[in-house]
Amino acid sequence: MEKVKISFKLNGENVTVETPPNKRLLDLLREDFELTSVKEGCGEGECGACTVILNNEAVTSCTVLAPQVDNCEVVTVEGLGKDGELDKLQEKFIEEGAVQCGYCTPGMLLSAKALLEKNPHPSRDEIKTAIEGNLCRCTGYKKIVDAIEASIEE
Amino acid sequence: MKEFKYYSPKSLNEIFKIFEAEKGETCLIAGGTDVMLEINSKKVNPDVVINLKSIDEINYIKEDNEFIRIGAGTTFTKLSSDAVILNSARALAQACSKVGSTQIRNLGTIGGNIVTGSACGDSVSALVALDAILVIQSPKGKREITLTDFYSPGQKSVCDGCYHNTPGIGKDEVLVEVYFKKAEKNEFSAFRKLGKRKALAKSILTVGMSIEFDDDKKVKNARISLGAVGKHPYRVTSAENIIDGKKLSDETIEDCLNEISNIVIANIGSRASCPFKKESVKGVAREVFASIIEQSSL
Ligand SMILES: Cc1cc2nc3c(=O)[nH]c(=O)nc-3n(C[C@H](O)[C@H](O)[C@H](O)COP(=O)(O)OP(=O)(O)OC[C@H]3O[C@@H](n4cnc5c(N)ncnc54)[C@H](O)[C@@H]3O)c2cc1C
Ligand code: FES
Ligand code: FES
């Protein structure tokens with residue numbers, strides 16, 4: 001199959017890769033870039049475990065065709081903190097006990113991050129809307145919303 | 001996923017050249033929130049996939065003196081927060097804000113919603129109430145068709161053996177725009193949906209409505225649409241006629257709700273969901289009326 005060459009910004013760095021076009025963004029990130037924070041849950045856009053930030057918006061990477069991100073900007077959890085320090089959101093998730101098995105956590109963090117970048121002082125309802133596409137089978141959501149709320153800059 | 005060739009054209013003209021050059025089955029992908037699942041599960045097996053996200057010329061919301069024009073590639077996120085849509089086409093803003101989840105609204109497009117042609121397309125239900133018209137382009141030029149005709153059962157299939165549910169669009173055609181008349185001074189619209197779960201629920205029932213009042217607050221022009229109670233969303237003219245020329249009193253509204261319920265029974269009477277839907281449709285439509293009345297008294 002004819003491969004396609006795509007270039008995009010991944011976690012702040014310009015990258016170029018040749019890929020068969022019949023690959024989901026989810027698989028490109030996990031297989032070609034070993035960014036295994038991006039999880040597959042349902043593979044159908046329902047669970048949000050595969051969420052990444054694409055051009056400043058949270059999207060499900062299982063419903064994006066890999067070559068569609070040519071010239072775009074993609075952020076995964078690996079791109080959150082800086083210089084070995086965790087992002088404030090990540091710290092608050094730990095402090096508030098918002099992580100149990102952790103499978104949903106990368107997606108939750110990125111949905112929350114995309115919200116905060118657009119709206120630094122969201123209401124609790126706005127937080128809930130931002131993570132409405134992220135399922136968690138462990139925590140019951142309250143602590144996740146608490147953690148996101150706690151990370152809001154004064 | 002089957003192997004296929006991939007193109008990411010920058011313009012509609014480029015797409016039409018690809019249509020001409022490629023003989024195999026082609027498939028357009030916009031947000032991918034419907035078609036990626038179908039390609040991935042091999043329900044759809046294209047030889048060629050063409051990206052629409054790279055085409056800026058179908059991504060816009062414009063307003064002129066008479067019409068609001070929306071490029072087919074516009075996302076739900078844009079539509080639900082756009083000032084023009086919020087002010088002059090509230091039903092559409094409300095419908096788009098209720099699609100799937102944040103992630104799905106960030107990807108999914110109005111064009112994908114229309115062409116997928118599922119029974120419960122949320123934006124479609126609102127657009128039917130807004131009396132929308134589609135602009136479809138092919139190498140031969142542009143054509144226009146009302147959304148209602150696009151889905152009408154009598155619509156002759158222009159695409160044989162195609163991969164999507166919608167017979168109304170051909171293999172070498174692209175939906176480029178959807179447009180509708182701007183709301184008049186005394187015209188208001190609203191949309192409500194009933195889903196199983198708040199996020200992600202594909203609608204089990206939707207009601208869209210657009211009502212214009214005269215200076216005496218009598219209904220001058222009404223359009224009501226139902227979604228997820230038939231193959232595609234459709235208008236319920238006999239229910240519209242009940243309120244036509246009248247003030248929206250509790251009684252008139254109740255008569256209209258009963259007619260809507262009768263239409264549901266007539267259309268899906270044999271389905272297991274009918275006893276539930278014939279009742280719940282009244283509650284949903286009542287909320288839509290309430291939203292319209294609230295807007296009209298501001
Ligand atoms: C988890 C989840 C939840 C969802 N919830 C809802 C919901 O609540 N309400 C709802 O209405 N829908 C829902 N959907 C369905 C879907 O998101 C919408 O139908 C969406 O509008 C599809 O748009 P898209 O851009 O992603 O289309 P795509 O998947 O890219 O395309 C869909 C079809 O349309 C064709 N197409 C796209 N654009 C054009 C064009 N311009 N011209 C010609 N053909 C075109 C494609 O070839 C394909 O056949 C949901 C989907 C998922 C995965
Ligand atoms: S794996 Fe993508 S949404 Fe579930
Ligand atoms: S912590 Fe286990 S799924 Fe959320």
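A word on the overall build of chain A. Along chain A, the regular secondary structure elements total five helices and five strands. Traced from its N-terminal end to its C-terminal end, chain A shows the element sequence β-β-α-β-β-β-α-α-α-α. Taking 154 residues into account, the globule formula puts the C-alpha radius of gyration at 15 Å, and chain A, at 15 Å, falls close to it. A principal-axis box enclosing the C-alpha atoms of chain A has dimensions of 50 × 30 × 25 Å. Here chain A, with 154 residues, has 54% of them falling under the buried criterion. For chain A, contacts bridging at least 24 residues in sequence account for 53% of all contacts bridging at least 6. Approximately 7,200 Å² of chain A is accessible, and the part contributed by carbon and sulfur atoms is 44%. The centroid of the 17 positive side-chain charges in chain A is displaced by 3 Å from the centroid of its 28 negative side-chain charges.

The full set close to ligand 1 counts 38 residues, and B:Leu28, B:Thr33, B:Asp34, B:Val35 and B:Thr109 are the nearest of them. At the site occupied by ligand 1, nearby residues are drawn from chains A and B. In the model, an oxygen atom of ligand 1 is placed 2.7 Å from a nitrogen or oxygen of the B:Ala30 main chain. Calculation on ligand 1 without its partners gives an accessible area of 990 Å², and the protein chains cover 98% of this total. Among the secondary structure elements, those contributing two or more residues to the shell around ligand 1 are β2 (26-29), α2 (35-40), α7 (110-116) and β8 (174-181) of chain B. Of the residues contributing to the shell around ligand 1, the split by class is 18 nonpolar, 13 polar and seven charged.

This paragraph deals with the domain arrangement of chain A. Residue and element names in this part refer to chain A. Annotation of chain A at the domain level lists domain 1 (4-79) and domain 2 (88-150). Here the C-alpha centroids of domain 1 and domain 2 sit 20 Å apart. Facing 17 residues of domain 1, the contacting portion of domain 2 comprises 13 residues. A combined buried area of about 1,100 Å² lies between domain 1 and domain 2, and 63% of that area is made up of carbon and sulfur atoms. With a closest N to O distance of 3.5 Å, Glu57 and Lys118 form a salt bridge. Our enumeration of links across domain 1 and domain 2 arrives at five residue pairs in polar contact (both at pLDDT 80 or more). Of all the secondary-structure elements, those providing two or more residues to the side of domain 1 that touches domain 2 are β3 (51-54) and β4 (57-60). Sorting elements by how many residues they give to the side of domain 1 that touches domain 2 places β3 first, with three residues. A breakdown of the residues in the side of domain 1 that touches domain 2 according to their chemical character gives seven nonpolar, six polar and four charged.

Another point: unusual backbone geometry. What you tend to see is this: most non-glycine residues have negative phi, and most peptide bonds are trans. Notably, A:Asn11 is not glycine yet its phi reads approximately 50 degrees, a positive angle. Along the chain, A:Asn11 turns up in the loop between β1 (4-10) and β2 (13-19). The backbone of B:Lys42 sits at a positive phi, close to 60 degrees, despite the residue not being glycine. Mapping B:Lys42 onto the fold places it in the loop between α2 and β3 (48-51).

What counts and what doesn't
Residues numbered from 1 in each chain as written. Chains lettered and ligands numbered in written order. Predicted model: local features only at pLDDT ≥ 70, side-chain atom pairs only at ≥ 80, totals over all residues. Heavy atoms only, no water. Helix = DSSP H or I, 4+ residues; strand = E, 2+ residues; numbered from the N terminus. Rg over C-alpha atoms; globule rule 2.2 N^0.38 Å. Buried < 20%, exposed > 50% of the residue type's maximum accessible area, 1.4 Å probe, protein only. Contact = heavy atoms within 4.5 Å. Areas by Shrake-Rupley, 256 points an atom, 1.4 Å probe, with all protein chains shown as cover. Lys, Arg positive; Asp, Glu negative; His and termini not counted. Charge placed at Lys NZ, Arg CZ, Asp CG, Glu CD. Near = heavy atom within 4 Å. Polar contact = N/O pair within 3.5 Å; in protein donor to acceptor, adjacent residues only side chain to side chain. Nonpolar A, V, L, I, M, F, W, Y, C, P; charged D, E, K, R; others polar. Domains from an automatic or database assignment. Buried area = accessible area lost by both parts, 1.4 Å probe. Salt bridge = Lys/Arg side-chain N within 4 Å of Asp/Glu carboxyl O.

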